[in-house]
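Structural overview
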Amino acid sequence: MTTESTTRSAQHDVAATARTAPPEAAPRSPDGRQVRQALRRGAKHVLLILGVLTTLYPVLWMVVSSLRPDGQIFGNPSLLLTTLHVENYTYGWTALGRPFSAYLLNSALVVIGSIIGNLVSCSMAAYAFARLRFRFQRPAFAYMLITIMLPVHVVIVPQYILWAQAGLVNSFLPLIVPKLLATDAFFIFLMVQFIRGLPRELDEAARIDGAGHGRIFFLIILPLMKPALATTAIFTFIWTWNDFFSQLIYLTDPQLYTVPIALRSFIDAQSTSSFGGMFAMSVVTIVPLVLAFALGQKYLVQGIATTGLK
Amino acid sequence: MSVAELQRLARRSPRTPQATPDNKAALAFLGPWVLGALALTLGPIIASLYLSFTDYNLLQNANWIGLANFERMLTDTRLHHSLVVTFVYVLVGVPGQLLVALALALLLDRGLRGRAIYRSAFYLPSLLGASVAIAVLWRLVFGGQGLVNAMLGLVGIHTTTSWIGSPDTALGTIILLHIWTFGSPMVIFLAGLRQIPVELYEAAATDGAGPWLRFRAITLPLLTPIIFFNLVLAIINSFSSFTQAFIVSGGSGGPSDSLLFYTLYLYQEGFSSFRMGYASALAWLLVLIIGALTAVNFWLSKYWVHYDN
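Under the annotation held in an unreviewed UniProt entry, chain B carries the name ABC transporter permease and is attributed to Promicromonospora soli. Turning to chain B, the UniProt annotation filed under Sequence similarities (unreviewed entry) states: "Belongs to the binding-protein-dependent transport system permease family."

As recorded in an unreviewed UniProt entry, chain A goes by the name Sugar ABC transporter permease, listed as coming from Promicromonospora soli. As stated in UniProt under Sequence similarities (unreviewed entry), the record for chain A gives "Belongs to the binding-protein-dependent transport system permease family."

Our next topic: the overall build of chain B. Tallying secondary structure elements over chain B gives 14 helices and 0 strands in all. Buried residues in chain B amount to 52% of all 309 residues. With the model as given, the accessible surface of chain B reaches about 14300 Å², and the carbon-plus-sulfur share is 66%.

With that settled, the discussion passes to the UniProt feature "transmembrane region" (unreviewed entry) in chain B. Residue and element names in this part refer to chain B. Taking the UniProt record as the reference, the feature "transmembrane region" (unreviewed entry) is found at residues 25-51, 83-108, 120-141, 170-193 and 279-300. Secondary structure content for residues 170-193 is 92% helix and 0% strand, and the end C-alpha separation is 36 Å. Within the segment residues 279-300, helix and strand shares are 100% and 0% respectively, and the terminal C-alpha atoms sit 31 Å apart.

All right, on to helix α8 (residues 173-180) of chain A then. Every buried residue belonging to α8 of chain A is among P174, L175, I176, P178 and K179 of chain A, and all of these are buried. Tucked into the core, α8 of chain A has its buried residues touching α5 (100-131), α7 (152-165) and α13 (245-250) of chain A together with α2 (23-51) of chain B. Directly after α8 of chain A, the chain includes A182 of chain A, whose backbone phi takes a positive value near 60 degrees.

Turning next to the pattern of salt bridges. Side-chain pairs of opposite charge can arise where the charged atoms are in close proximity. Residue and element names in this part refer to chain B. Across all of its chains, the model carries 6 salt bridges over all chains by this definition. D76 serves as the salt-bridge partner of R72, at 3.9 Å between the closest nitrogen and oxygen. Notably, a salt bridge pairs R78 with D257, separated by 2.9 Å at the nearest N-O pair. With R78 in helix α4 (residues 77-109) and D257 in the loop between α12 (243-248) and α13 (262-272), this residue pair connects regions lying 179 residues apart in the sequence. R78 gets classed as partly exposed once you look at its relative accessible area, which sits at 29%. Look at D257 and you get buried, because its relative accessible area is 17%.

The subject of this paragraph is the UniProt feature "transmembrane region" (unreviewed entry) in chain A. Residue and element names in this part refer to chain A. Listed under "transmembrane region" (unreviewed entry) in the UniProt record, and renumbered for this structure, are residues 46-64, 103-129, 141-163, 175-195, 216-241 and 275-295. Between the first and last C-alpha atoms of residues 46-64 the distance is 24 Å; the span itself is 100% helix and 0% strand. Across residues 141-163, helical content stands at 91% and strand content at 0%; the span's end C-alpha atoms are separated by 27 Å.

Here the structure, examined in full by the defined rule, presents 37 aromatic pairs over all chains. The structure contains a cluster of three or more aromatic residues connected by ring pairs, namely Y160, F244, F245 and Y250 of chain A together with F242, F246, Y267 and F271 of chain B. Looking at R72 of chain B, its charged tip hangs above the ring of Y278 of chain B, at a distance of 3.8 Å from the centre.

Once that is clear, we can look at empty space enclosed by the protein. Going through the model one piece at a time under the given rule, you end up with 4 cavities of 30 Å³ or more. In this structure, the second largest cavity occupies an estimated 50 Å³ of space. Lining the second largest cavity are W241, N242, V259, P260, L263 and T285 of chain A together with S131, V132 and A133 of chain B. Of all the elements in the fold, those that place two or more residues in the lining of the second largest cavity are α12 (226-242) and α14 (259-269) of chain A together with α6 (132-141) of chain B. At 3 residues, α14 of chain A tops the list of elements feeding residues into the lining of the second largest cavity. Looking at the lining of the second largest cavity, its residues break down into 6 nonpolar, 3 polar and no charged.

So, on to the interface of chain B and chain A. With 101 residues of chain B at the contact, the number on the chain A side is 96 residues. Summing the contributions of chain B and of chain A, the shared interface buries around 8700 Å²; its carbon and sulfur component is 77%. A per-residue breakdown of the area chain B buries against chain A is headed by F29, W33 and L40 of chain B, which together make up 10% of the total. At the boundary of chain B and chain A, one finds 0 salt bridges.

This next bit is on the packing of α2 of chain B against helix α14 (residues 276-304) of chain B. All names here are of chain B. In the contact formed by α2 and α14, the axes pass within 7 Å of each other and the chain directions differ by 115 degrees. When the axes of α2 and α14 are compared, the pair comes out roughly perpendicular. Here the hand of the crossing between α2 and α14 comes out left-handed. Every residue of α14 that contacts α2 at I45, S48, L49 and L51 is listed here: G277, S280 and W284. Considering only residue class, the contact of α2 with α14 consists of 4 nonpolar, 3 polar and no charged.

Another aspect to go through is a nonpolar patch on the surface. All names here are of chain B. Together, V296, W299, L300, Y303 and W304 make up a nonpolar patch on the protein surface, roughly 530 Å² of accessible area in all. Of note, Y303 is situated in helix α14. Accessibility expressed as a relative area gives 58% for Y303, which makes it exposed.

Here the focus is unusual backbone geometry. All names here are of chain B. Positive phi values are uncommon outside glycine, yet L58 reaches one of about 80 degrees. Counting through the fold element by element, L58 comes out in the loop between α2 and α3 (68-75). Assessed through its relative accessible area of 25%, L58 is described here as partly exposed. Phi angles above zero are rare outside glycine, and F274 is one such case at about 55 degrees. Turning to its location among the elements, F274 is positioned in the loop between α13 and α14.

Moving on: the packing of helix α5 (residues 115-128) of chain B against helix α9 (residues 183-194) of chain B. Residues and elements named next belong to chain B. Where α5 meets α9, the closest approach of the two axes is 7 Å, and the angle between their N-to-C directions is 145 degrees. Along the contact surface, α5 presents R115, R119, F122, Y123 and S126, while α9 presents G183, S184, M186, V187, L190 and R194. Looking at the contact of α5 with α9 residue by residue, the class counts come to 5 nonpolar, 3 polar and 3 charged.

Looking now at the nonpolar core. Residues F129 and I188 of chain A together with W33, F122, I134, M186 and F261 of chain B are the most contacted members of the largest nonpolar core, which totals 189 residues. Discounting residues that sit within four places of it in the chain, I188 of chain A has contacts with C122, A125, A126, F129, M144 and A182 of chain A together with W33 of chain B.

How each quantity is defined
- Residues numbered from 1 in each chain as written.
- Chains lettered and ligands numbered in written order.
- Predicted model: local features only at pLDDT ≥ 70, side-chain atom pairs only at ≥ 80, totals over all residues.
- Heavy atoms only, no water.
- UniProt positions renumbered as here; feature names shortened; annotations may be inferred.
- Helix = DSSP H or I, 4+ residues; strand = E, 2+ residues; numbered from the N terminus.
- Buried < 20%, exposed > 50% of the residue type's maximum accessible area, 1.4 Å probe, protein only.
- Areas by Shrake-Rupley, 256 points an atom, 1.4 Å probe, with all protein chains shown as cover.
- Contact = heavy atoms within 4.5 Å.
- Salt bridge = Lys/Arg side-chain N within 4 Å of Asp/Glu carboxyl O.
- Phe/Tyr/Trp six-rings, centres within 6.5 Å; stacked < 30°, edge-to-face > 60°.
- Lys NZ or Arg CZ within 6 Å of the ring centre and 35° of its normal.
- 1 Å grid on protein atoms, 1.4 Å probe; cavity = no way out; pocket = protein on both sides within 12 Å on 5 of 7 lines; lining within 4 Å.
- Points joined across faces, edges and corners; volume = space filled by probe spheres on them.
- Nonpolar A, V, L, I, M, F, W, Y, C, P; charged D, E, K, R; others polar.
- Buried area = accessible area lost by both parts, 1.4 Å probe.
- Axes fitted to C-alpha atoms, helices over the stretch in contact; angles between N-to-C directions.
- Parallel < 35°, antiparallel > 145°, perpendicular 65-115°, else oblique.
- Left-handed = near helix turned anticlockwise from the far one by under 90°.
- Patch = residues over 30% accessible without salt bridge, like charges linked within 9 Å, V, L, I, M, F, W, Y side chains within 5 Å.
- Core = buried A, V, L, I, M, F, W, Y, C linked by side-chain atoms within 4.5 Å.

Structure (structure tokens):
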């Protein structure tokens, strides 16, 4: 990808150079031109680095502040650390009703359940839509596309009533079961597009060899769609980890608090004391996101670029 | 046409096993989806439509009250206020975010050294922006003793007025947070820029077109489908924005309801006051608004989106 674009812009630069210095014009020396180009490039980098620093400044300030004693946090825009006040972390870890690890564990359970649910149910549905012929296929596919656009607010009230009547509010099931039932239609669509891009000859060859749809799915399609599965997994991770709306609605028992809900109760409980502890735990909650980003960047970028996922 | 021919055609009709061979397999593969579609989306959609004509409150049975919920909307000043707040947020935040995203994508487009690093750095806020951690941070950055006032103090402007506590500026801070997450549309723009054939630039350059003309005549028109795509997505997404306003205002809607986003009001009505009938009606109004805006967007696209055939 990068190579492609580099070649392209290299050509582009050549074209640009050809224009800025047509042969009949300018007795300028090639050296002067090179210097000017280098200066331009340098200026661009300076601009971009300033842009990056401005953009990331709030996050960096949060990380630095999480290592400062309370008295030094406010009124201090600097990013230089004079002390390493790790007490914020030990204090924040135990400041709420339960150790912070309990909330991390709860979030991890919801995240893992959601990822497994989305991978299994969406890939199965996508295989059916992309490769099988069946009754009501067109209306079913159209309905699936409609549910992508449907705001969650339309279904959240009846879904809540459903879970409340089943006595399952204050459990992780309302958060995980919908993923097991492929309600994240966006991922079905992503995978359908991916499977459609795979050569049908592979399926047909397997079918001639006597393989049924189960074998074709598990042995041929699934191994080939690893990139789509990775994209689904990483986006499910980020969305579920950050999800506040449904976790706020379904989890009111402090035993079940996930990371976003726990952080929120931090604000209520600590409105004036120990900002350091709150910053420290905020940093703890974004570390997994940054790690996921670092590990899965390729799939993340591909996912955004091809489908507009956030 | 002979009888034999007709028979042959009939044999090839859609009832032959070739046309519908997979019903059973499809049911197996689609089983979870069908169950979810019936129980968790289609059923709730119908139920929500029904509830919007009732006074359901989770404790008592639902009573049919006709259009009363929708009539209430006409006189519900908090609803009107939340619509204003949300529209301002969308009308300022969405174009603001897309402009920043486009500008940076253009800067990063050419074979720049460290392009991937810049891209990752600029994307990071999109990754974190929806989290409670960042909303907490925003509270402290724009609070009375916060980072912004500290920086203003450095240049001689001393104030302890909270940007979040004041109704005039609270919404601005959340709009800024939205613009700050420009990374994901930027990545989409970068992908779009890569689709533009180099030959076009080469030809234009040979013809003596300068950088500005090349941008206006090549880059911008060819990028309009991507701009449109980003615009539609951003409008839909920003109408559903919830977490940041909730955390920054502590769930209340902020000073003088200046942070009463539409979905926050819906949450308060449905899950704090348990007026679930009214909340359902609000949800349908949201669908209508988003649907109408998307339709207008598609209609307007005829006039400015360039589709290359």
